[in-house]
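Per-entry structural report
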Amino acid sequence: MRTSILVRYKDYLPITADTPLFSLGEADTPLVRCKALETEIGCGELYLKLEGCNPTGSFKDRGMVVAIAKAMEAGSKAVMCASTGNTSASAAAYAAYCGLTAVVIVPKGKIALGKLAQAIVYGAKILSVDGNFDQALQMVRGLTEKHPITLVNSLNPHRIDGQKTAAFEIVDVLGEAPDYLFIPVGNAGNITAYWKGFVEYFQATKARSKPKMMGFQAEGAAPIVRGHVVEKPETVASAIRIGNPASWKKAVAARDESGGVIDMVSDAEILAAQRLMASKAGVFGEPASAASVAGLIKLSRKGLDLSKKRAVCIITGTGLKDTDAALKDAQPFIEVPADLAAIEKVLGWA
Ligand code: AN7
């Protein structure tokens, strides 16, 4: 059995004698080196951190296990979040495990079906709002201020603390911080969390350096890059379809303190990166996740020399949740009769 991050990293987490310690199997995710992508992109060492291997298929589980444990400790009976999909799936699962009520607000028609299916099956109360994520989050903030319900969006600091453990794992596995960390940016909680983790490990002398933080938004939802709120965010990467990130200032601080960048990638670049990662590395990430690889490719093409560098891309969620996006421009299959000779002919083996 895996050790819960609540135990493994307890010295870095707000754990007290009263915090329930449990695990749904989150964290300790694979860090996979991909030589084919190193060659393709021109990177010294390239690793993919497979956060889609978490129990609900995204990095949100790291933050949720801590947020839900603290909600339990505080005697809370219900939790609430706004979500582009993954947070709602994670909140619903951990609430179910702990016997709490989960209420989730999602933007109508804009979350991947796999994520919606998760929230339904885990038994969350689902409200589909006629608006975008930013509006949904506004509702949740208002409601959780008025009612005795715990907010489990990344505005909840326990979420950030849980998510920072992924930075610890990278250093624990590599023995050192990487030179660069490539990560998608939506509500900007995760880039904030990773930076916090790298800084804390550096201060604890567990690492001698810190990575440059390279965050990527989608072009149609790039408020931080453009320097203003995007009222109507649009992107194929529905997870990061966010126009007014809650952790905006912290993401900018992570960028500036680390000497990194926050840039944007187009939907076409995202989908191409998703395909490339799947066909060269055998990793099926969701579109938002592919923004990290798309960003790496973009900057490398623009002249960033990574040939002697070690880079990690965070693959934040599994592609299985959003097969619609993956299949949109897919080649049609070859239809064949159940006949050996006919199939040999189609394959050119006749
Ligand atoms: C796969 O689930 O915001 O910058 O409500 O699901 O910390 O927001 C999801 C975000 C990247 C962006 N990759 O992380 C939600 C939600 C995936 C995601 C992000 C999300 P943040």
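1. Regarding the site of the ligand
Around the ligand, a shell composed of 23 residues is seen, among which Asn86, Thr87, Asn187, Ala188 and Thr316 lie nearest. Contact between the ligand and serine 83: an oxygen atom at 3.0 Å from a side-chain N or O atom of the residue. Here glycine 189 contributes a backbone N or O atom positioned 3.2 Å from an oxygen atom of the ligand. Contact with the protein chains hides 98% of the accessible area of the ligand, taken as 470 Å² for the molecule alone. Given that more than half its atoms are within 2 Å of the pocket grid, the ligand belongs to the largest cavity. For the shell around the ligand, the elements supplying multiple residues, two or more each, are helix H4 (86-98) and helix H9 (189-203). Across the shell around the ligand, the residue classes break down as ten nonpolar, eleven polar and two charged.

2. Description of the packing of aromatic side chains
This model, assessed by the stated rule, comprises eight aromatic pairs. Measuring from ring centre to ring centre gives 4.7 Å for tyrosine 12 and phenylalanine 168, while their planes differ by 55 degrees; the resulting arrangement is tilted. A residue pair is termed long-range when its members are at least 10 positions apart, and tyrosine 12 in the loop between helix H1 (5-8) and strand E1 (31-33) and phenylalanine 168 in helix H8 (residues 165-174) qualify at 156 residues. Judged by relative accessible area, which is 0%, phenylalanine 168 ranks as buried. What links up through ring pairs into an aromatic cluster is the set Tyr9, Tyr12, Phe168 and Tyr201. Lysine 210 extends its terminal NZ or CZ atom over the ring of phenylalanine 202, reaching a point 4.3 Å from the ring centre.

3. Description of the sheet that holds strand E10 (residues 306-315)
Strand-to-strand pairing in sheets goes through backbone hydrogen bonds, with the strands running parallel or antiparallel. Read across the sheet, six strands follow the order E1-E2-E10-E7-E8-E9 without closing on themselves; strand pairing throughout is mixed. Two strands bound the open sheet, and with one partner strand each, they are E1 and strand E9 (261-265). Going across the sheet, the axis of each strand differs from the next one's by a mean of 25 degrees, ignoring polarity. Contacts between helix H11 (residues 248-258) and the sheet are confined to strand E8 (212-218) and E9, with E9 contributing the most and set at about 115 degrees to the helix. On top of the sheet, helix H12 (residues 267-281) reaches strand E2 (43-50), E8, E9 and E10; it is set at about 95 degrees to E9, its chief contact.

Criteria and thresholds
- Residues numbered from 1 in each chain as written.
- Predicted model: local features only at pLDDT ≥ 70, side-chain atom pairs only at ≥ 80, totals over all residues.
- Heavy atoms only, no water.
- Near = heavy atom within 4 Å.
- Polar contact = N/O pair within 3.5 Å; in protein donor to acceptor, adjacent residues only side chain to side chain.
- Areas by Shrake-Rupley, 256 points an atom, 1.4 Å probe, with all protein chains shown as cover.
- 1 Å grid on protein atoms, 1.4 Å probe; cavity = no way out; pocket = protein on both sides within 12 Å on 5 of 7 lines; lining within 4 Å.
- Sits in = over half its atoms within 2 Å of the grid points.
- Helix = DSSP H or I, 4+ residues; strand = E, 2+ residues; numbered from the N terminus.
- Nonpolar A, V, L, I, M, F, W, Y, C, P; charged D, E, K, R; others polar.
- Phe/Tyr/Trp six-rings, centres within 6.5 Å; stacked < 30°, edge-to-face > 60°.
- Buried < 20%, exposed > 50% of the residue type's maximum accessible area, 1.4 Å probe, protein only.
- Lys NZ or Arg CZ within 6 Å of the ring centre and 35° of its normal.
- Pairing = 2+ DSSP bridges.
- Axes fitted to C-alpha atoms, helices over the stretch in contact; angles between N-to-C directions.
- Contact = heavy atoms within 4.5 Å.

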